[in-house]
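# Summary of structural features
The primary structure of each chain is shown beneath.
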Amino acid sequence: MLVVGFPAGPLEANCYLLAADGGGECVIVDPGEDAVEPIEAALAEHGLTPVAMLATHGHPDHVASAAVIGARHGIPLHLDEADRPLLVPDAGEWKDGIVPLVDGPLRLAGLEISVSRTPGHTAGSVIFGLTSAEGGRIVLTGDSLFAGSIGRSSGDGGELVRSLGAKVMTLPDDTVVLPGHGPATTIGRERAGNPFLAGTGV
């Protein structure tokens, strides 16, 4: 599996390109602010063709470039319906290119991507899980879980902790965590040392 990641925009939100291999189809996760040119450069460098965009949630630092990329490549944005109201008004008619996310498997670009709703940071926050052909596991956690920290809650802080306990911290320790901001980590590392996870019960 090919994973290309880079921070973009003033808040340095991580954008990721995922593909079964180089030179084929890919999905773009969290095309945020100022991400258009880095995305295009990564597509060209690895010979990738995007077939869809996925959003861990609807905040602008994670989806601001979706309208441009979507229109340019004719691809939809997969977003939880609860976060649709967060999209900027000037996305215009391209908003019709949004596909609602639901819990379960999503098959795109030769990848099987598990979708799990994790409300708390926003009402429509989700995480994406993948397993490589070699058996390695990754999870893209958006702004729910970071290395050594967790995201801010948009409402009831307990909801975020419950989501982390039920959907994230139940993953195997060797799962690589690709967060919405900051460096990668692992579930085992966060289970052992993240002070904000004490309330998850795992």
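All of the points below concern the structure found in this document. (Residues numbered from 1 in each chain as written. Predicted model: local features only at pLDDT ≥ 70, side-chain atom pairs only at ≥ 80, totals over all residues. Heavy atoms only, no water.)

The next subject is the sheet that holds strand E10 (residues 137-142). Taken in spatial order, the 6 strands line up as E7-E8-E9-E10-E13-E14 in an open sheet, and their pairing is mixed. Whereas interior strands pair on both sides, the edge strands pair on one side only; in this sheet they are strand E7 (104-108) and strand E14 (185-186). Summarising the sheet, strand E8 (residues 111-117) and strand E9 (residues 126-131) pair through 4 bridges and their orientation is antiparallel. Across the sheet, residue Ser116 finds its bridge partner in E9, namely Ile127. (Pairing = 2+ DSSP bridges. Helix = DSSP H or I, 4+ residues; strand = E, 2+ residues; numbered from the N terminus.)

Below, the discussion takes up the layout of surface pockets. One number sums up the size of the largest pocket: a volume of about 220 Å³. Secondary structure elements with two or more residues in the lining of the largest pocket: E8, E9 and E10. Top contributing element to the lining of the largest pocket by residue count: E9, with 5 residues. When grouped by side-chain class, the residues that make up the lining of the largest pocket number 9 nonpolar, 5 polar and 3 charged. (1 Å grid on protein atoms, 1.4 Å probe; cavity = no way out; pocket = protein on both sides within 12 Å on 5 of 7 lines; lining within 4 Å. Points joined across faces, edges and corners; volume = space filled by probe spheres on them. Nonpolar A, V, L, I, M, F, W, Y, C, P; charged D, E, K, R; others polar.)

Note that Ser116 resides in strand E8. Discounting residues that sit within four places of it in the chain, Ser116 has contacts with Asp103, Ser125, Val126, Ile127 and Lys167. (Contact = heavy atoms within 4.5 Å.)

Moving on to the pattern of salt bridges. Working definition: two side chains of opposite charge can pair if their charged atoms are close together. Going through the model one piece at a time under the given rule, you end up with 7 salt bridges. A salt bridge links Arg117 to Asp80; its shortest N-O distance comes to 2.7 Å. Here Asp80 lies in the loop between strand E5 (77-79) and strand E6 (98-100) and Arg117 lies in strand E8, a separation of 37 residues in the sequence. Residue classification places Arg117 among the partly exposed positions, given a relative accessible area of 29%. A relative accessible area of 4% places Asp80 in the buried class. A salt bridge links Asp173 to Arg191, with the shortest nitrogen-to-oxygen separation between them at 2.8 Å. Here Asp173, found in the loop between helix H4 (157-168) and strand E13 (176-179), pairs with Arg191, found in helix H5 (residues 187-193); they are 18 residues apart in sequence, far enough to count as distant. Residue Asp173 is classed as partly exposed on the basis of its relative accessible area of 43%. (Salt bridge = Lys/Arg side-chain N within 4 Å of Asp/Glu carboxyl O. Buried < 20%, exposed > 50% of the residue type's maximum accessible area, 1.4 Å probe, protein only.)

What follows covers the environment of His73. Of note, His73 is situated in helix H3 (residues 66-73). Considered as a pair, His73 and Val126 are 53 residues apart in the sequence and their alpha carbons are 24 Å apart. Sequence-distant contacts of His73, defined by excluding residues within four places in its chain, comprise Glu40, Leu43 and Pro50. Among the polar contacts made by the side chain of His73, one reaches the side chain of Glu40 at a distance of 2.8 Å. (Polar contact = N/O pair within 3.5 Å; in protein donor to acceptor, adjacent residues only side chain to side chain.)

Below, the discussion takes up the sheet that holds E6. Strand order in the open sheet formed by 6 strands is E1-E2-E3-E4-E5-E6, with mixed pairing between adjacent strands. Either end of the sheet is taken by a strand with one partner, and the two such strands are strand E1 (2-8) and E6. The sheet shows a mean angle of 25° between the axes of neighbouring strands, direction not considered. In the packing of helix H1 (residues 36-46) onto the sheet, contacts are made with E1, strand E2 (13-19), strand E3 (25-29) and strand E4 (49-54), and the angle to E1 comes to roughly 155°. Against the sheet, H3 touches E3, E4 and E5, its axis set at about 145° to E4. (Axes fitted to C-alpha atoms, helices over the stretch in contact; angles between N-to-C directions.)

Honestly, that's just the spatial picture; any functional story needs more than this.
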